[in-house]
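Secondary and tertiary structure notes
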Amino acid sequence: MCKQTVIELSVNNHPGVMSHICGLFARRAYNVEGIACMPVNGGQTSKIWLLVNADDRLDQMIKQVDKLEDVLLVERYDRGHPVFAKMAEFVQ
Amino acid sequence: MKMSGAEIIIKLLERQGVRTIAGIPGGANLPLYDAMGKNSNIKHILTRHEQGAGFIAQGMARVTGKPAVFFATSGPGATNTLTAIADAKLDSIPIICITGQVPLSMIGTDAFQEVDTYGLSVPITKHNFLVRSAEDLLRIIPDAFRIAASGRPGPVVIDVPKDVQMAEVEFDEWPEPGVPDATPELFHGEIEHAAAMINRAKRPILYLGGGVILSDSSAEALAMAEKGAIPSVLTLMGLGAIPSGHPLNLGMLGMHAARYTNLALEECDLLIAVGVRFDDRATGKVSEFCPKAKVIHMDIDPSELDKIKTAHASVRGDVADVLKALLPHIEQKNRAEWNARIESLKTAHPMIVPGADDPTSPYGVILKVAELAGDEAIVCTDVGQHQMRTAQVYPFTRPHRWLTSGGLGTMGFGMPAALGAALAAPDKPVICFSGDGSIMMNIQDLATAMEYDIPIKIILTNNNALGLVRQQQDLFYGQRYVASDYDKCVDFIKIAEGFGIKAYDLGNCDDPAATLAEAIAAPGPALIHVPVSPNEPVYPMVAPGAANSQMIGGENHV
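In what follows, the accompanying structure is described. (Residues numbered from 1 in each chain as written. Chains lettered and ligands numbered in written order. Predicted model: local features only at pLDDT ≥ 70, side-chain atom pairs only at ≥ 80, totals over all residues. Heavy atoms only, no water.)

The subject of this paragraph is the overall build of chain B. Of the regular secondary structure elements, chain B holds 22 helices and 22 strands. Its C-alpha atoms give chain B a radius of gyration of 24 Å, within 12% of the compact-globule value 24 Å for 558 residues. The principal-axis extent of the C-alpha atoms belonging to chain B is close to 70 × 65 × 40 Å. Relative to its full complement of 558 residues, chain B shows a buried share of 59%. Sequence separation of at least 24 residues holds for 76% of the intrachain contacts in chain B that already meet a minimum separation of 6. (Helix = DSSP H or I, 4+ residues; strand = E, 2+ residues; numbered from the N terminus. Rg over C-alpha atoms; globule rule 2.2 N^0.38 Å. Buried < 20%, exposed > 50% of the residue type's maximum accessible area, 1.4 Å probe, protein only. Contact = heavy atoms within 4.5 Å.)

Shown next, in the form of structure tokens:
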């Protein structure tokens, strides 16, 4: 199995942001294994966590995500993130 | 103040300095047109197809370097714009497309002329907006101009539902017009590292692209080439960055480069890539591109760095800033040995230009037009053999005078882009080289040229075929010319005349050079028809996917 990593994004919260981000991955045939999203700061912004396989295109993907106008911050968690550990309980 | 959304849009566009907008009205953008008609100093250019409006905007943006705007209605109006927008994305051109949309309450109901413009434009824009309240326009319109022109420029779509255009808003003051963000800070370590590599290099080559044009840094690029005696190759988008006749200019690299250009790249020990993206038409097989060279890559877009070829040194920044910072660190050198080697490559493997003296030949007509149009001329092309020939031999002298669809390779780009160029620079001659395949893809906007009397000169080389497709079939598909030859001819003279455009036929006149001179000098739009043979390939050529060292044709047989 491929090594996985988690990308945490802070984004503007409006309808369409998710399609910008998912579209970036989809049109490069880069599968997103897991996804979670919650509003923060009263709903002006959101946090999105993406669980992805860490193949050699990942650096380029992160640069592309970082270029999106609605993406405010990108962080990478190579050791995983508890949000997906908790979500995993729902699909046991 | 109390105004409708449509009035706010028009006023904000005026405040951005927009004076000309191409477009077509329809049900969903009529409030916008009504607001423009009632009270505005904006000149509207009514095209015959929304793609034509998009390329007119591109023509204006490419000549001025500033964002240009065009309008379309919802549904088919919006889908017709997509090719022009995708084209702007790949060539980093700042255009803003404002589309009408069905009212908010009807979105998602398959209403008449409803299409998901926002969804369709996500992958082909730098950014896009679906406006959900008239108040938001006060933020979105200036923001669209900022985004289109900042950093690496690109297209922006603003989709405005009809009820948002009609809604009235109270507001106290106008927002400031949108301006480009400040360019990013440079890292001095990166500059010094790059300078040291350049100063150490024995056989460096500058590889200059569209980024040099977009950042207005051709003077700095030339200064750096001259100070370090560094030979320079140009991408298709970079033509004009260094004058064609300059001894350090090696012309366009890649698939249709002169032999000496690609051969010089084989030998260089340092490739200094400035505002380029290592496009496959420029590099050929990437693993064999510049096999002996280390690479320095300078670009404002960090996602371009290490995308195709991993650089030994990256410099992130606006290339104008980078070149200015770099210049004082570059040692004055003459690199006599390397430049002598370049000269011997030029002598042994020159660019062969068949028919250069014949104004009715595919190359000869380009050279003759260049002579007649002068070095102030703006040169547009469509896509195909005529485009590559123009890129190979036209004597470019300055930036922002060469308009061609580089990344997307859109047939149909040339004529409407030329209209935009002529609208943006009415004091300059505008030439459009086209082919019989390309011109038919936006022929309808000859009517626009006629209606507004826009003095573009279209040089139509007609081989009654899709020449570059046919050339690939000739070389790589056993000469099986499937669907690349037209069985019957259209009469382009009658077509032009039917559109009310003056037509000249170099295939049917006593003195082609004199006829060409007359056509170029005549006021108003003109079409100059040049019948040519379909059996005249553009050489040299590198097969798609092959290394640039594997060139076909264009050998020196002296």
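Let's shift gears to the pattern of salt bridges. Under the definition given, this model contains 28 salt bridges over all chains. A salt bridge links Glu-451 of chain B to Arg-48 of chain B; the shortest N-O distance between them is 2.6 Å. Here Glu-451 of chain B, found in helix α19 (residues 446–451), pairs with Arg-48 of chain B, found in the loop between β3 (43–46) and α3 (50–64); they are 403 residues apart in sequence, far enough to count as distant. When its relative accessible area of 41% is taken as the criterion, Glu-451 of chain B is described as partly exposed. Ionic pairing is found between Glu-304 of chain B and Lys-307 of chain B, a salt bridge with its closest N-O pair at 3.1 Å. Residue Glu-304 of chain B is classed as buried on the basis of its relative accessible area, which comes to 6%. Here the salt bridges share partners, and the residues they tie into one network are Lys-67 of chain A together with Arg-152, Asp-301, Glu-304 and Lys-307 of chain B. (Salt bridge = Lys/Arg side-chain N within 4 Å of Asp/Glu carboxyl O.)

Opposite the 13 residues of chain A that make contact, chain B presents 15 residues. Counting the surface chain A buries against chain B, the share from its top three residues, His-20, Lys-63 and Glu-69 of chain A, is 46%. Joining chain A to chain B, the criterion identifies 2 salt bridges. Close ionic contact of Arg-146 of chain B with Glu-69 of chain A constitutes a salt bridge, the shortest N to O distance being 2.9 Å. Our enumeration of links across chain A and chain B arrives at 9 residue pairs in polar contact (both at pLDDT 80 or more). Every element with two or more residues in the side of chain A that touches chain B is listed here: α1 (17–26) and α2 (58–67) of chain A. Looking at the side of chain A that touches chain B, the element that brings in the most residues is α2 of chain A, giving 4 residues. (Buried area = accessible area lost by both parts, 1.4 Å probe. Polar contact = N/O pair within 3.5 Å; in protein donor to acceptor, adjacent residues only side chain to side chain.)

Another aspect to go through is the packing of aromatic side chains. Residue and element names in this part refer to chain B. Applying the stated rule across the entire model yields 10 aromatic pairs over all chains. Residues Phe-171 and Trp-174 carry aromatic rings whose centres are separated by 4.9 Å and whose planes lie at 70° to one another, so their mutual orientation is edge-to-face. What makes Trp-174 buried here is its relative accessible area of 18%. Among the aromatic residues, those joined into a ring-pair cluster are Tyr-394, Phe-396, Trp-402 and Phe-433. The ring of Tyr-363 is capped by Arg-389, whose NZ or CZ atom sits 5.6 Å from the centre of that ring. Seen from the ring of Tyr-481, Arg-470 lies directly overhead, with NZ or CZ sitting 4.0 Å from the centre. (Phe/Tyr/Trp six-rings, centres within 6.5 Å; stacked < 30°, edge-to-face > 60°. Lys NZ or Arg CZ within 6 Å of the ring centre and 35° of its normal.)

The next subject is a negative patch on the surface. Residues and elements named next belong to chain B. On the surface, a cluster of negative charge is made up of Glu-170, Asp-172, Glu-173 and Glu-176. Residue position: Asp-172 is located in the loop between β8 (168–170) and α8 (188–200). Residue classification places Asp-172 among the exposed positions, given a relative accessible area of 77%. (Patch = residues over 30% accessible without salt bridge, like charges linked within 9 Å, V, L, I, M, F, W, Y side chains within 5 Å. Areas by Shrake-Rupley, 256 points an atom, 1.4 Å probe, with all protein chains shown as cover. Lys, Arg positive; Asp, Glu negative; His and termini not counted. Charge placed at Lys NZ, Arg CZ, Asp CG, Glu CD.)

With that settled, consider the pairing of strand β1 (residues 4–12) of chain A. Residue and element names in this part refer to chain A. Most of β1 is tucked away, with 7 of its 9 residues classed as buried. Two strands pair when backbone bridges link them, and β1 and strand β3 (residues 45–53) are joined in this way by 9 bridges, in the antiparallel orientation. Considered in β3, the bridge of Asn-12 is made with Thr-45. Sheet topology places β1 next to strand β4 (residues 71–77); 6 bridges connect them, and they run antiparallel. Within the sheet, the bridge partner assigned to Val-11 lies in β4 and is Val-71. (Pairing = 2+ DSSP bridges.)

A word on the pairing of strand β7 (residues 156–161) of chain B. Residue and element names in this part refer to chain B. Counting buried positions over the 6 residues of β7 gives 6, a clear majority of the element. Covered by surrounding structure in β7 are Val-156, Ile-158 and Val-160 together with Val-157, Asp-159 and Pro-161, the residues of both alternating faces. Bridge analysis of strand β5 (residues 95–101) against β7 gives 6 bridges, and the strand direction is parallel. When the bridges of β7 are listed, Gly-100 appears paired with Val-160.

Residues and elements named next belong to chain B. Reading across the sheet, the 6 strands line up as β16-β15-β17-β18-β20-β19 and stay open at both edges, with parallel pairing between neighbours. Edge strands, defined here as strands with exactly one partner in the open sheet, are β16 (402–403) and β19 (502–505). Bridge analysis of strand β15 (residues 378–381) against β16 gives 2 bridges, and the strand direction is parallel. When the bridges of β16 are listed, Val-379 appears paired with Trp-402. Packing of helix α15 (residues 362–373) onto the sheet brings it into contact with β17 (430–435), β18 (456–462) and β20 (526–531), and relative to β17 it is tilted by some 170°. (Axes fitted to C-alpha atoms, helices over the stretch in contact; angles between N-to-C directions.)

Turning to helix α14 (residues 336–348) of chain B, a few remarks are in order. Residue and element names in this part refer to chain B. For α14, which comprises 13 residues, the first-to-last C-alpha distance of 18 Å matches the rise-based estimate of 18 Å (1.5 Å per residue) to within 8%. Three or more residues of α14 are buried, namely Trp-338, Asn-339, Ile-342, Leu-345 and Lys-346. Down the axis of α14, the buried side of the element spans an arc of 110°, and every buried residue falls inside it. The exposed set on the far side of α14, more than 90 degrees from its buried face, consists of Glu-337 and Thr-347. (Expected span 1.5 Å × (residues − 1). Arc of directions from axis to C-beta.)

Here we come to unusual backbone geometry. Of all residues except glycine, most have a negative phi; of all peptide bonds, most are trans. Residue and element names in this part refer to chain B. With an omega of -5°, the peptide bond between Tyr-539 and Pro-540 qualifies as cis. With respect to the secondary-structure elements, Pro-540 resides in the loop between β20 and β21 (541–542). Even without a glycine there, the phi angle at Gln-113 is positive, about 55°. For Gln-113, the position within the fold is in the loop between β5 and α5 (117–121). Among the residues examined, Gln-113 registers a relative accessible area of 27% and is labelled partly exposed.

Turning to the sheet that holds strand β10 (residues 232–234) of chain B, a few remarks are in order. Pairing between the strands of a sheet is mediated by backbone hydrogen bonds and can be parallel or antiparallel. Residue and element names in this part refer to chain B. Spatially, the 6 strands line up as an open sheet ordered β11-β10-β9-β12-β13-β14, and their pairing is parallel. A strand with exactly one partner marks an edge of an open sheet, and here the two such strands are β11 (249–252) and β14 (313–316). This sheet shows a mean twist of 15° between the axes of neighbouring strands, independent of strand direction. In this structure, strand β9 (residues 204–208) lies alongside β10, joined through 3 bridges in parallel fashion. Note on β10: the bridge partner recorded for Leu-208 is Leu-234. The strands touched by α8 within the sheet are β12 (270–274), β13 (294–299) and β14, with β14 carrying the most contacts at an inclination of about 135°.

When two helices pack together, you describe them by how their axes are tilted relative to each other and by the distance separating the axes. All names here are of chain B. Direction vectors running N to C along helix α1 (residues 5–15) and helix α6 (residues 137–149) enclose 35°, while the axes themselves pass 10 Å from each other. Two packed elements cross with a definite hand, and for α1 against α6 that hand is right-handed. Every residue of α6 that contacts α1 at Gly-5, Ile-8, Ile-9, Leu-12 and Leu-13 is listed here: Leu-137, Leu-138, Ile-141, Pro-142 and Phe-145. Here the contact of α1 with α6 is composed, by residue class, of 9 nonpolar, 1 polar and no charged. (Left-handed = near helix turned anticlockwise from the far one by under 90°. Nonpolar A, V, L, I, M, F, W, Y, C, P; charged D, E, K, R; others polar.)

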